[in-house]
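# Close look at the chain arrangement
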Amino acid sequence: MNRIAPMILLILGIGLAASFGARNGPSHTAWRQASWHHARLAGVHGMETESDDAEETAELQKAKSEALAGLVAAGLLTEGGDLGAAVSAAEAQVPDVPDPNTRLSEWAATGGAGFGFGVLLIGLGAFLARKQQAAEAASGGGEGDLDFPGTVALLVAEVGALVPKADATPMDEDAPALRAAIEKLHIEHIGPLVEGRGSLIAKHGIGTFAEYFGPFSAGERNLNRAWSALTDGHSVVATEALRASVRGFEVAAGNWPKT
Amino acid sequence: MASTTTRPYPELSIPSIVLGAVTGVVLTASFVYIALKLGFGLSGSTVAAILGFVTLRGVMGRKSIVENNINQTIASGINTASAGVVFTLPALFLMSASDPSLRGFTVGPLIFAAIAGSLMGIVLIIPLRKQMIEFERLKFPSGMAVATLLKSPGEGKEQGQYLIGGALLAVALTLGVSLFHVIPEEADVGALLSLPPWLPFALYISSANFGAGLLSGKGGLPFALGGILAWWVIAPIAVNAGWVQGHELAPATELAGWQAGEVFSQMLRPLGIGMLIGGALAGVFAALPAVTGAMRSLAAAAKSAKETGSASEEIDPKWVYGGAVGAFVLLFVGAGFSSPEIGWGTAAIIAVVGALWLGLAGIIVAQATGHTDISPLSGLSLIAVTLMFFLSAGNVVASIVMGMAVCIAINQCADMMSDLKTGHLVGSIPRQQQIGQLILCWVGPLVAIGVLYLLWGTAENPGFGPDSAACIAGSAECLGAPQGEALKATLDALRSSDSAVDKYAAGAVMGGALSIFPIGGISVLVGLAMYLPFPITLAYGVGCVTSMFLEKRQGKSWVGKVLIPVSAGLIVGEALTSLGLALYNLAVAGGAA
C-alpha cells in the first residue's frame, strides 16, 4: 500500500497537469480554427488542374471538383461561389496571432487551476516516495539490503586472484577462462550493486555516493579494459588493468562512509 | 611472469587519429549531401567502427579494441557537425535568395560559431561523464551496440552469431519497409479498429527502435507510459472536451485528422519540450554536488598523476576550462561579426545566453539519447533559434548563425557521451577519448560548411542554390534541403510572434516537479514521449516490456549472452542498411527516397 500510494498520486498528477497544461486559451483556439478554414480553402484554390498529360489533367480536374464539393458541403463556399473571393474573405477573418503574454494569461485562466492541482499531486507523491525510500534505506529493507562494502571486498579478493593468472598468460595467447571469470564477476557482483545504487543514493546523498561509487566505477571500467586486452592477446596490459581495477575497488571500500 | 616480449597496446595512436579523421571527413561530406537530399541525418559511429575493424584490425593487423574505440570516437565526433550545419544553415541560404537584405553574411563568423559550438559541446559535457555514465548509468543503446560490435572478437562464436542474426533480421526488415515496400512503416492496429487519428494505436516498424527498447528494459518503461498517457488519456480528453475545435461540417476523417495534428503540434509537442527543459534544469541542480565532486576528482587525478609521473585516466580540468573560455570567445566573435546590425553588447548577451542554453540543451539531448537513443535535437535547436531571434531583435542572420552553433554543440554532447559509454564498456581511458575528440573538433564544421557552400554555389548537379540547373528545372536531382525549409518556416512563424510560451512554461514546471520523484530520468522520458509521434514510443515500449519478460523468464545471464547481442545487431543492422539505402537512392534512383 505504501509503495502504491505515491505511484497513484504520480499518475493522477501527471494526467491532470499534462491535460490542463496542454490546453490552449480561447484566442489561440480561434486563431488556429480560422487558420484551418483559410488553409482548407487556399489548399483547394491552389490545386493544379493542368498537366502535359490529358489523362492526368482529367484526374486533376476531377479531384478539384470533388474538393470544391467538399467545401460547399462544409459550408465554407456557396454553390458556384467565387473560390478566390472566399479565400480572401477567410484570410481576412484570421485573427492576429495571440502574443506570448496573451497566450500565457489565457492559458492560466482556462487550465491553470487543474494544472496546479496536478503539480501538487506530483509533489505530494514525490514527497511520500522519497520519505518511504529513505526509511527503507535506513532500516536496511527493500533494495537497501545491498552489502556494498562486503561485495567490494569480495571483488578486491577475486580480481586480485586473477592478477597472477593474467600475469602468467603468454602474450598473444587466448585466455577464455580469464575472460569468463571477468564476465562472471560482472553478472554476480557488479551488476547487483549497479542495479541497487538508488538505495545507496537515498541513504547517503549524491555527494557521498559519488565519492565511493566513482572509484568503484573506475574499478569496473578497468576490469572491462582487462577483458579487452585479453581478447587482443595483450596479457601485460590486462595484468596492469586488473591491478588498476583492484586499486579502484580498494579506494571505493576506503571511501565508504564509516558511520 | 610468462610473457617474454611485449608490444605496445595502441589507443590514441597516429593510425587511429588519421583513420578517424579521414572517416569523419568522408562521413561528414556524405551526410551533408544525404541530409540535404533526403532530410535526415545519420550517426557515423557504427560505420566508423566497422571501417576500423577492416582497416586497423584486418589490413594493418593492429589488435586493439580500445584503438578502434578512439577511431570511432573521432570519426563520429567530426560527423556530428553535419547534422548541426544541415539543420540550420541552409535556411539562411534559402532566405537570402528571396530577401536581398540577408545576403551580406560572410563565411568567417559561420566558421567561428560552428567551431565554438563543436568545442563547447565537448568541454561542457566532459564534467558530466561520471554523473551520466557512472552514477545515473544511462543506457545509450547505440553506444552499447557499438561496444558489442567492438568486443565481438572476444565474444563466443555463439554470441557473434546472435549479433549477426540480429543484424540480418534488421537488414531484412529495413529493406522490406524502405526498399521493397512489402512491410508497412507502421503496423496500424487503430485503422483496423476504425479508431480516430487522435486515438492512435500503431507501432513504428523499426528494428533499431525496438532494439533500443530491448536494451533499455525496465528503465525505459516511463517513456512508453508517457506516450500512453499523452495519446490515450490527454488526446481523447482534449478532443471530447472541445479543447480542439474544428468546423462541425468538415468531413469526419478530415476533422479527426486535423484534431490529431492540433493535439500533437499545438499541445503535446510544445508541452514535451517544456518538460525536457524543466527536467534538465532540475537535474542540473540535483546533480550539482556530483558534478562539483567530479570536477574535484578530475583536478585530484591530474595532480596525483603529476606528482607520481603517471598518466591520469581523467582529462586535466585545465583543458575543460581553457576550452570553455576559447569556445565562448569564438562564439562572441561569431555573434559580433554575424551581422552589421549586431553591436558588441548584443553579441555579448547572445553569446552568454547561447552558451547557457547550449549547456542545458546539451544535457537534455545527452539524457534523452542516454535513456532512449532518441534525440529531441530539432525541437531544442528551434528553441535556440527562437531565443536568438528575440535577443537579436529579429536579426535572422545572427539567429541562424548562433542556432547552428547550438545545434552542433548539443549534437556533440550526445555523441561524446555515447562514445564515452562505449569506452566504459570496452575499458578505454576517458582522457584519450576526450583528447581525441577535442583536438579534431574543428574539422567537422569546416567540412560541413565547405560542402554546403559548394553545393549552394554550383550550377552543375547536384546543388540546391538559385543557380542549380536541377532546381531551376524542378527535377528530382535538386537538393531540397527539407530541414532548412522547416527552419525557414519556423522563422517566418516567429516573425508573426507564434511561440508556445504557455506550453513551455507549463511543461517546465511539470518537468521540475517530476524530477523530485525518485525515478531516474522520469521527466526526460515523459517529456520525450510527448514530443515524439506515438507509434515510435509504443514500439519502443513493446521492446522494453519484451526485455522485462525475457529477463524474468530466462534470467540476467541469458540477457547478457543472447538479448544484448541480438539487440545490438538490430541497431547496427538498421544503421548500416539505412546508409546503404540512402546511397542507393542517391546513386541509382536519383534520390527517390
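Just so it is clear, the structure is predicted and the values come from calculations on it, not from any experiment. All residue numbers here refer to positions counted from 1 along the written sequence of the relevant chain. Each chain gets a letter, beginning with A, and each ligand a number, beginning with 1, in the order they are written. Per-residue local features of the predicted model are confined to residues with pLDDT of at least 70, and side-chain atom pairs are confined, for both listing and counting, to 80 or more; whole-chain, interface and lining totals are unaffected and use all residues.

## Focus: the overall build of chain A
- Going along the chain from the N terminus, every DSSP run of H or I of four or more residues is numbered as a helix, and every run of E of two or more is numbered as a strand. If you tally the helices and strands in chain A, you get nine helices and zero strands.
- Atoms counted for the radius of gyration: C-alpha only. Globule rule: 2.2 Å times the number of residues to the power 0.38. Against the 2.2 N^0.38 benchmark of 18 Å for 259 residues, chain A shows a C-alpha radius of gyration of 34 Å, more extended than a compact globule.
- The burial criterion counts other C-beta atoms lying within 10 Å of a residue's C-beta, which is placed from the backbone; the residue is buried at 20 or more, exposed at 12 or fewer, and partly exposed between these limits. Within the span of chain A, comprising 259 residues, buried residues form 39% of the whole.

## Description of the overall build of chain B
- Counting secondary structure elements, chain B contains 23 helices and two strands.
- Its C-alpha atoms give chain B a radius of gyration of 24 Å, within 12% of the compact-globule value 25 Å for 593 residues.
- Its C-alpha atoms give chain B principal-axis dimensions of roughly 85 × 60 × 55 Å.
- A total of 593 residues make up chain B; the buried ones form 61% of that total.
- Our contact criterion uses C-beta atoms placed from the backbone: two residues qualify when those atoms are within 7 Å. Look at the contacts in chain B between residues 6 or more apart in sequence, and 81% of them connect residues 24 or more apart.

## Concerning the interface of chain B and chain A
- Contact with chain B, which involves 65 residues of that partner, is made by 69 residues of chain A.
- Sorting the residues of the side of chain B that touches chain A by element identifies α3 (65-98), α5 (129-135), α10 (221-240), α11 (252-308), α15 (396-426), α20 (501-516) and α23 (556-587) of chain B as the ones contributing at least two each.
- Grouping the constituent residues of the side of chain B that touches chain A by class yields 36 nonpolar, 19 polar and 10 charged. Each residue gets one of three labels, nonpolar for Ala, Val, Leu, Ile, Met, Phe, Trp, Tyr, Cys and Pro, charged for Asp, Glu, Lys and Arg, and polar for the others, Gly among them.

## Looking at helix α7 (residues 157-178) of chain B
Residue and element names in this part refer to chain B.
- Taking 1.5 Å as the rise per residue, α7 with 22 residues should run 32 Å; its terminal C-alpha atoms sit 31 Å apart, in good agreement.
- Looking at α7, one finds that the buried residues are Gln-159, Tyr-162, Leu-163, Gly-166, Ala-167, Ala-170, Leu-173, Thr-174 and Val-177. End-on, the buried residues of α7 take up no more than an arc of 130°, which puts them together on one face. Facing away from the buried side of α7, by more than 90 degrees, are the exposed residues Lys-157 and Glu-158. Expected span of a helix, by definition, is 1.5 Å for each gap between consecutive residues, and there is one gap fewer than residues. The arc refers to the directions leading from the helix axis to the C-beta atoms.

## Side note on the confidence of the model for chain B
- Mean pLDDT over chain B works out to 85, with 92% of the residues at or above the 70 mark.
- Interface scoring of the predicted complex returns ipTM 0.81; its pTM is 0.82. One number per residue, pLDDT, summarises how confident the predictor is, and it ranges from 0 to 100.

## Quick word on the environment of Leu452(B)
All names here are of chain B.
- Note that Leu-452 resides in helix α17 (residues 443-457).
- Its 25 C-beta neighbours within 10 Å are what place Leu-452 among the buried residues.
- In this structure Leu-452 touches Val-32, Val-85, Leu-89 and Pro-90, once residues within four positions along its chain are discounted.

## Looking at the domain arrangement of chain A
- All domain edges in this entry derive from an automatic or database-based domain assignment. In terms of domains, chain A is made up of domain 1 (4-129) and domain 2 (142-255).
- Summarising the inter-unit geometry, the C-alpha centres of domain 1 of chain A and domain 2 of chain A are found 56 Å apart.

## Some remarks on the packing of helix α13 (residues 344-372) of chain B against α15(B)
All names here are of chain B.
- At a minimum axis distance of 8 Å, the contact between α13 and α15 shows a crossing angle of 35°. In this structure, α13 meets α15 at a crossing whose hand is right-handed. Note on element contacts: α15 touches α13 through Ala-398, Met-402, Ala-405, Val-406, Ala-409, Ile-410, Cys-413, Ala-414, Met-417 and Ser-418, opposite Ile-350, Gly-354, Trp-357, Leu-358, Ala-361, Gly-362, Val-365, Ala-366, Thr-369 and Gly-370.
- Looking at the contact of α13 with α15, its residues break down into 15 nonpolar, five polar and no charged. Note on method: axes are straight lines fitted to C-alpha atoms, helices fitted across the in-contact stretch only, with angles between N-to-C directions ranging 0 to 180 degrees. Handedness of each helix crossing follows the sense of rotation of the near helix against the far helix: counterclockwise by less than a right angle gives left-handed, clockwise gives right-handed.

## So, the nonpolar core
- Formed by 209 residues in total, the largest nonpolar core has its most connected members in Val85(B), Leu331(B), Ile364(B), Ala405(B) and Ile410(B).
- The biggest single contributor to this core is α15(B), with 20 residues.
- Each residue touching Val85(B), except ones within four places of it in the same chain, is listed here: Val32(B), Ala114(B), Met404(B), Ile408(B), Pro445(B), Ala448(B), Ile449(B) and Leu452(B).
- Counting 34 residues, the second-largest nonpolar core is a separate cluster that includes Ala166(A), Ala175(A), Tyr212(A) and Ala226(A). As used here, a nonpolar core is made of buried Ala, Val, Leu, Ile, Met, Phe, Trp, Tyr and Cys residues. They are joined through C-beta atoms within 7 Å.

## Topic: unusual backbone geometry
- Not every positive phi belongs to a glycine, and Asp172(A) is a case in point at roughly 60°.
- Inspection of the secondary structure assignment puts Asp172(A) in the loop between α6 (148-167) and α7 (176-195).
- The phi angle at Phe140(B) is positive, at roughly 45°, despite the residue not being glycine.
- The topology assignment puts Phe140(B) in the loop between α5 and α6 (141-151).
- Owing to 30 C-beta atoms within 10 Å, Phe140(B) belongs among the buried residues under this scheme.

## Some words on the environment of Glu186(B)
Residue and element names in this part refer to chain B.
- Relative to the helices and strands, Glu-186 resides in strand β1 (residues 186-188).
- Taking the C-alpha atoms as reference, Glu-186 lies 8.8 Å from Ser-206; in sequence the two are 20 residues apart.
- If we skip the residues at most four places from it in the chain, Glu-186 touches Ala-202, Leu-203, Tyr-204, Ile-205 and Pro-535.

## Focus on the packing of helix α1 (residues 4-22) of chain A against α20(B)
- Running from N to C, α1(A) and α20(B) cross one another at 165°; their axes reach a closest spacing of 9 Å. The angle between α1(A) and α20(B) places the two elements in the roughly antiparallel class. Classified by chirality, the crossing of α20(B) by α1(A) is left-handed. The segment α1(A) lies against α20(B), with Ala17(A), Ala18(A) and Gly21(A) engaging Ala506(B), Gly507(B) and Met510(B). Oblique is the label for any angle not covered by the other classes, which are roughly parallel (under 35 degrees), roughly antiparallel (over 145) and roughly perpendicular (65 to 115).

## Observations concerning helix α22 (residues 534-554) of chain B
Residues and elements named next belong to chain B.
- Its 21 residues place the ends of α22 30 Å apart at the C-alpha level, agreeing with the 30 Å of an ideal helix rising 1.5 Å per residue.
- Inspection of α22 places Phe-534, Pro-535, Ile-536, Thr-537, Leu-538, Ala-539, Tyr-540, Gly-541, Gly-543, Cys-544 and Ser-547 among the buried residues, and these make up the whole buried set.
- Looking one or two residues past α22, Gly-555 carries a phi angle of roughly 95°, positive in sign.

## Quick look at the environment of Ser515(B)
Residues and elements named next belong to chain B.
- Within the secondary structure, Ser-515 is located in helix α20.
- A tally of 25 C-beta atoms within 10 Å means that Ser-515 is categorised as buried.
- Ser-515 has contacts with Gly-279, Ala-282, Gly-283, Ala-286 and Ser-523, leaving out every residue within four places of it along the chain.

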